[in-house]
2 protein chains.
Amino acid sequence: MQAGKPILYSYFRSSCSWRVRIALALKGIDYETVPINLIKDGGQQLAIIEYLEETRPTPRLLPQDPKKRASVRMISDLIAGGIQPLQNLSVLKQVGEEIQLTWAQNAITSGFNALEQILQSTAGIYCVGDEVTMADLCLVPQVANAERFKVDLTPYPTISSVNKRLLVLEAFQVSHPCRQPDTPTELRA
Amino acid sequence: MQAGKPILYSYFRSSCSWRVRIALALKGIDYETVPINLIKDGGQQLAIIEYLEETRPTPRLLPQDPKKRASVRMISDLIAGGIQPLQNLSVLKQVGEEIQLTWAQNAITSGFNALEQILQSTAGIYCVGDEVTMADLCLVPQVANAERFKVDLTPYPTISSVNKRLLVLEAFQVSHPCRQPDTPTELRA
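Residues numbered from 1 in each chain as written. Chains lettered and ligands numbered in written order. Predicted model: local features only at pLDDT ≥ 70, side-chain atom pairs only at ≥ 80, totals over all residues. Heavy atoms only, no water.

1. Focus on the interface of chain B and chain A
- Contact with chain B, which involves 27 residues of that partner, is made by 27 residues of chain A.
- For the pair chain B and chain A, the summed buried surface comes to about 2,400 Å²; carbon and sulfur atoms form 62% of the total.
- Between the two partners, chain B and chain A, sit six salt bridges.
- Between Arg69(A) and Glu54(B) there is a salt bridge, and its shortest N-O distance comes to 2.7 Å.
- Inspection of the region where chain B meets chain A yields seven residue pairs in polar contact (both at pLDDT 80 or more).
- Elements represented by at least two residues in the side of chain B that touches chain A include exactly helix H2 (46-55), helix H3 (66-83), helix H4 (89-95) and helix H5 (100-122) of chain B.
- Top element by residues in the side of chain B that touches chain A is H3(B). It accounts for eleven residues. (Contact = heavy atoms within 4.5 Å. Buried area = accessible area lost by both parts, 1.4 Å probe. Salt bridge = Lys/Arg side-chain N within 4 Å of Asp/Glu carboxyl O. Polar contact = N/O pair within 3.5 Å; in protein donor to acceptor, adjacent residues only side chain to side chain. Helix = DSSP H or I, 4+ residues; strand = E, 2+ residues; numbered from the N terminus.)

Shown next, in the form of structure tokens:
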């Protein structure tokens, strides 16, 4: 990291890459993208975000207060470990085409039911208070997945409004899947 | 946490509770167990472990070196976010009885293929070097799940031998599912 530009092996649509792109943008770290058309399971990229946080502490993506940090990590783990692994492509392939959509919708709604309740007690402008945190990096890609799988977001007013406030921020705009080097032309915006 | 004994809402068999029990034992934190017969998804309890680490830093469960910390978190996330969510009870119920065992075995073996390769470069006595870390707290419950689902561990010599060295440690003994207040008599040891 110290020597030379970091390289991000990235897939435009992957939630995991997307989270890291937002973190890099927030911290103002210049990097090279090497697009790889490969989707990795799980929330492993949270390890990269924690690494960035420790080596580039400004701006902080984790609050200073241990209880608030725990809230941020709980929300991040709920999304990256509880929702996203159940609706990623390799799992959907395994469950078979007929029930894919229902499966993904179930995974997302049961996760969002828990998430909406948590956010109602933790959210300010963003997921936890009024500063952008790691939880917000996880939220935006997950809401995009919910929209992709046509989940009705009406029961989740806090999720929806936090998401809207995040999407207008510069770091979230430049890292969006519709603006990556490997984004197909028809999905560009 | 500062005032009074912490309470752990725990289910003897849950990997998530188990990880936290090991962390509490390693840090020598006295706590009360309230058994709840409820299985929560995902790796959310990693947030509790990070909170413990920040409020009770000794002994450390994360190495001081940022690159080693990243390895520990990568391994923890691979297990808690990449393997365990796919083979927990609520998911197995959804996939149906006929393919439950195959499904769980596939989730574990594809995860263990990646994990074995990672451990071959990071492991010393334990998952990352020679100190017990958060990665080890995740490994032991996951290997127990592999055994429960009759996964052949022969292709995973590093995973197996690290697991064996961990199981003899006091903190891993007292936190084991076979020794919890809610362990059914027939499963006690």
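2. Points about the packing of aromatic side chains
- One pass over the structure, following the stated rule, counts three aromatic pairs over all chains.
- Considering the side-chain rings of Trp103(A) and Trp103(B), the 5.7 Å spacing of their centres and the 55 degrees angle between planes classify their relative orientation as tilted. Taken as a pair, Trp103(A) in helix H5 (residues 100-122) and Trp103(B) in helix H5 lie in two separate chains rather than in one.
- Residue Trp103(A) is classed as buried on the basis of its relative accessible area of 4%.
- Taking 5.5 Å as the distance between ring centres and 85 degrees as the angle between the ring planes, the aromatic pair formed by Phe112(A) and Tyr156(A) counts as edge-to-face. With Phe112(A) in helix H5 and Tyr156(A) in the loop between helix H6 (134-148) and helix H7 (157-167), this residue pair connects regions lying 44 residues apart in the sequence.
- Residue class for Phe112(A) comes out buried when judged on its relative accessible area of 0%. (Phe/Tyr/Trp six-rings, centres within 6.5 Å; stacked < 30°, edge-to-face > 60°. Buried < 20%, exposed > 50% of the residue type's maximum accessible area, 1.4 Å probe, protein only.)

3. Some points on the nonpolar core
- Counting residues in each nonpolar core, the largest one holds 102 residues, and the members touching the most others are Phe112(A), Leu139(A), Phe112(B) and Leu139(B).
- Sequence-distant contacts of Leu139(A), defined by excluding residues within four places in its chain, comprise Ile79(A), Leu115(A), Leu119(A), Cys127(A), Ile159(A), Val162(A), Asn163(A) and Leu166(A). (Core = buried A, V, L, I, M, F, W, Y, C linked by side-chain atoms within 4.5 Å.)

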